[in-house]
Amino acid sequence: MNTKRSVRILLVIVFLVLTIIAGKIIFDLGILPVKYLVRICEVLFIINFIAAFCLLINKKGVVKGISFFLYFILNIVSVAVIYYGTTANDFFNKAFNNAESEYKVSYVLISKNAYSLDDLKTKDISYIDTLLEKENAFSELAKNDIKTFLEYTEIENLIVQDVILLDNATYVYLKEDQNTINVDELKVIYQFEINIKLSNNSIGEEVLDEDVKGEYQALTPGEYYNIFIGGYDFTNTFMDFNMLVSINKTNNEILLTTIPRDYYITDARVGKKDKLSDMGSRGIETNMSSVAKLFGVKIDYYIKVNTKSLVGIVDAVGGINYCSDMEYTTSHALILDTYDDSLGEKLHVKKGCQWLNGIETLTVARERLAFKTGDNQRQKNNAKIMQAILNKMKTPAMATKFPSVLSAVNGLYTTTIPKDLVTSSVKDLLENPNWAIKTQSVTGSGGQDYIFFGKTKDYVMYPNYNSVNNAKKKIQGMKYKKLNTI
């Protein structure tokens, strides 16, 4: 066998191996439907066969040119598939089911006197009856031989005591919103935090409407699921964004339900009313369980994001096309990580459609003061933003930005969604790209009421239960398929 022929055989083997590696990576990724996977492999191996035949028959001229051209194409395709596939696989392995197993709750001890830790061993530590995770907090303080605790049910009686224990979220509210605490007199003398375990399991119990069950037939497990998306504010304490995403894989439907951040509903974990944003200080499972109870559904997974997450995701996909029903100028500035609107310019939004980058999208998502209906309009805008992001992700142009998008969004969120659910959903989307994305918002009316379980008053939104019940039926209806479609 001459040297030239040996080199040609070696080239055939190398490109065949590259093709096999590319095919395996596509297969392992698990996002392509079988019919597409088979066709891709068929095309790659046919090109391999033709190129090898043209190269090995030892013909010059056009035949040799064809072989080199085909191998050039194969090389580009194989390397691109290996790069894109490896990037995607690495992302999927790291970026799903990556939720933390616990969350932190911070506490402060405040007093008029500058006590040391040793002084506190002989003092009574006063606390409000709704103190978050109080038994865990007591156990942490007991490590420093602080063991005497007195419970109060009224904030007025609590704040006149010598040493007061508060969770940090309540302390912030009492200090800044209601001026209940005189910071010149009552000062922080000690602070600590504890870790609370998260279950990361499905939350809630289905309480199904008989009318819904009568018209539809239930889907099997895996064909329907609910995802809660919770977005924290700049302080990473209060949950300003609450959305329930209901997915029906059989009917190829997605329903986005937004809930106002100030919605005044029952905290499902303690049985008392509070607003959703404040529940975020008690961990994402508090918001999940309360939303699940409100709509009578089970929530299977969650995604937790913050303000930087929205900015990063929108910029990663190259911006979104946002369509407004009205013209307005935002009361908030184009800023991040601060509430000081003097540090940036306001955003003018025109009636109709416009392109928004990440920080512009965040500013629109935060806005409520520019609207007569306040938070009700904000929830509609947030639903439009989410719909715009999903629509952008469906466009063919996203394929060229795939690695950069995955790299940009990695680390911007935590979620309990498993990898196999994501890859199967992508596969479903490729098989049928015409998914219907619907939106709805529950509404209400504003007022003043007690928050943090009746300890201080603030603005709240009382639910309009007609809108809640209508939304509930649509959400529960996502679990079913109509009998006449079977």
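A quick note: this is a predicted structure, and the numbers were derived from the prediction, not measured.

Enquirer: Which residues make up the nonpolar core, and what values go with them?
Expert: Within the largest apolar cluster, 61 residues are counted, with the highest numbers of intra-cluster contacts made by Tyr107, Leu165, Leu166, Tyr263 and Phe295. Membership of the second largest hydrophobic core comes to 46 residues, among which are Val317, Phe371, Met386 and Val409.

Enquirer: Go over the packing of helix H1 (residues 3-29) against helix H3 (residues 62-95) with me, naming the residues and quoting the values.
Expert: Packed helix pairs are characterised by how far apart their axes lie and by the angle those axes make with each other. Where H1 meets H3, the closest approach of the two axes is 9 Å, and the angle between their N-to-C directions is 30°. Comparing their axes, H3 and H1 come out roughly parallel. Judged by the twist between their axes, the crossing of H1 over H3 is left-handed. Of H3, the residues touching H1 (which contributes Val12, Phe15, Leu18, Thr19, Ile21, Ala22, Ile25, Ile26, Asp28 and Leu29) are Tyr71, Leu74, Asn75, Ser78, Val81, Ile82, Gly85, Thr86, Ala88, Asn89 and Phe92. When its residues are assigned to classes, the contact of H1 with H3 shows 14 nonpolar, 6 polar and 1 charged.

Enquirer: So what's going on with the pattern of salt bridges? Residues and values would help.
Expert: For the structure on display, the rule yields 16 salt bridges. The partner of Lys147 in a salt bridge is Asp145, and the shortest N-O contact between them spans 3.9 Å. The exposure class assigned to Lys147 is exposed, which follows from its relative accessible area of 57%. Across the pair Asp240 and Arg261 runs a salt bridge, and its minimum N-O distance is 3.2 Å. Linking Asp240 in strand E8 (residues 239-248) with Arg261 in the loop between strand E9 (253-259) and strand E10 (264-267), this pair joins segments that are 21 residues apart in sequence. Taken together, the salt bridges that share partners define one network made up of Asp240, Arg261, Asp262, Lys275 and Asp458.

Enquirer: An account of the sheet that holds strand E4 (residues 163-167) is needed here, citing residue identities and associated values.
Expert: In spatial order, the strands read E3-E2-E4-E1-E5; together these 5 strands make up an open sheet with mixed pairing. The sheet terminates laterally at strand E3 (149-152) and strand E5 (187-197), the two strands that pair on one side only. Sheet twist, expressed as the mean angle between neighbouring strand axes with direction ignored, is 30°. Inspection of the sheet shows strand E1 (residues 102-111) paired to E5 by 10 bridges, in the antiparallel sense. The residue of E5 that forms the bridge with Glu102 is Lys197.

Enquirer: Got a sec to walk through the packing of helix H12 (residues 358-366) against helix H13 (residues 375-393)? Specific residues and values, please.
Expert: One can describe the packing of H12 onto H13 by two numbers: an axis separation of 8 Å at closest approach and a directional angle of 150°. As far as their axial angle goes, H13 and H12 are roughly antiparallel. Where H12 abuts H13, its residues Thr361, Val364, Ala365 and Arg366 lie against Arg378, Asn381, Asn382 and Ile385. Looking at the contact of H12 with H13 residue by residue, the class counts come to 3 nonpolar, 3 polar and 2 charged.

Enquirer: Residue-level account of the state of the cysteines, with values.
Expert: The final tally for this structure, using the stated rule, is 1 disulfide. There is a disulfide in this structure between Cys323 and Cys353, and the S-S distance comes to 1.9 Å. With the S-S dihedral at roughly 100°, the linkage between Cys323 and Cys353 falls on the right-handed side. Taken as a pair, Cys323 in strand E13 (residues 320-324) and Cys353 in strand E16 (residues 352-356) lie far apart in primary sequence, 30 residues in all.

Enquirer: Go over the layout of surface pockets, please, and point to the residues and values.
Expert: Of the pockets and cavities examined, the second largest pocket occupies roughly 500 Å³. Elements that contribute at least two residues to the lining of the second largest pocket include exactly E1, helix H7 (168-177), strand E12 (301-305) and strand E17 (413-415). With 5 residues, the single largest contributor to the lining of the second largest pocket is E1. A class-by-class count of the residues in the lining of the second largest pocket yields 10 nonpolar, 11 polar and 6 charged.

Enquirer: I'd love a proper account of H1, names of residues and values included.
Expert: Counted at 1.5 Å a residue, the expected span for H1 with its 27 residues is 39 Å, and the 39 Å between its end C-alpha atoms agrees. Residues of H1 that are buried include every one of Arg8, Val12, Phe15, Leu18, Thr19, Ala22, Gly23, Ile25, Ile26 and Leu29, and no others. Of the surrounding elements, those touching the buried residues of H1 are helix H2 (34-56), H3 and helix H15 (419-431).

Enquirer: Now, about empty space enclosed by the protein: what can you tell me, with residues and values included?
Expert: Across all of its chains, the model carries 1 cavity of 30 Å³ or more by this definition. A volume near 40 Å³ is recorded for the largest cavity. Looking at the largest cavity, the residues that line it are Ile128, Thr130, Leu131, Leu132, Asp167, Thr170, Phe452, Phe453 and Lys455. Among the residues making up the lining of the largest cavity, the classes are represented as 5 nonpolar, 2 polar and 2 charged.

Enquirer: Describe a nonpolar patch on the surface, and please don't skip the residues or the numbers.
Expert: Where nonpolar side chains cluster on the molecular surface, the patch consists of Ile46, Phe49, Ile50, Phe53 and Ile57 and spans about 500 Å² of accessible area. Along the chain, the position of Phe49 falls in helix H2. Phe49 sits in the exposed class, given a relative accessible area of 59%.

Enquirer: Go over the sheet that holds strand E18 (residues 436-441) with me, naming the residues and quoting the values.
Expert: Taken in spatial order, the 6 strands of this open sheet run E17-E12-E7-E8-E9-E18, and their pairing is mixed. Each edge of the sheet is formed by a strand with only one pairing partner; in this case those strands are E17 and E18. Shown here is a sheet whose adjacent strand axes are inclined to one another by a mean of 20°, direction ignored. Two elements, E9 and E18, share 6 bridges in a ladder whose sense is parallel. When the bridges of E18 are listed, Leu256 appears paired with Thr439. Packing against the sheet, helix H16 (residues 465-477) makes contact with strand E7 (224-232), E8, E9 and E18, and its axis sits at approximately 155° to E18.

Calculation notes
Residues numbered from 1 in each chain as written. Predicted model: local features only at pLDDT ≥ 70, side-chain atom pairs only at ≥ 80, totals over all residues. Heavy atoms only, no water. Core = buried A, V, L, I, M, F, W, Y, C linked by side-chain atoms within 4.5 Å. Buried < 20%, exposed > 50% of the residue type's maximum accessible area, 1.4 Å probe, protein only. Axes fitted to C-alpha atoms, helices over the stretch in contact; angles between N-to-C directions. Helix = DSSP H or I, 4+ residues; strand = E, 2+ residues; numbered from the N terminus. Parallel < 35°, antiparallel > 145°, perpendicular 65-115°, else oblique. Left-handed = near helix turned anticlockwise from the far one by under 90°. Contact = heavy atoms within 4.5 Å. Nonpolar A, V, L, I, M, F, W, Y, C, P; charged D, E, K, R; others polar. Salt bridge = Lys/Arg side-chain N within 4 Å of Asp/Glu carboxyl O. Pairing = 2+ DSSP bridges. Disulfide = S-S within 2.5 Å. 1 Å grid on protein atoms, 1.4 Å probe; cavity = no way out; pocket = protein on both sides within 12 Å on 5 of 7 lines; lining within 4 Å. Points joined across faces, edges and corners; volume = space filled by probe spheres on them. Expected span 1.5 Å × (residues − 1). Patch = residues over 30% accessible without salt bridge, like charges linked within 9 Å, V, L, I, M, F, W, Y side chains within 5 Å. Areas by Shrake-Rupley, 256 points an atom, 1.4 Å probe, with all protein chains shown as cover.

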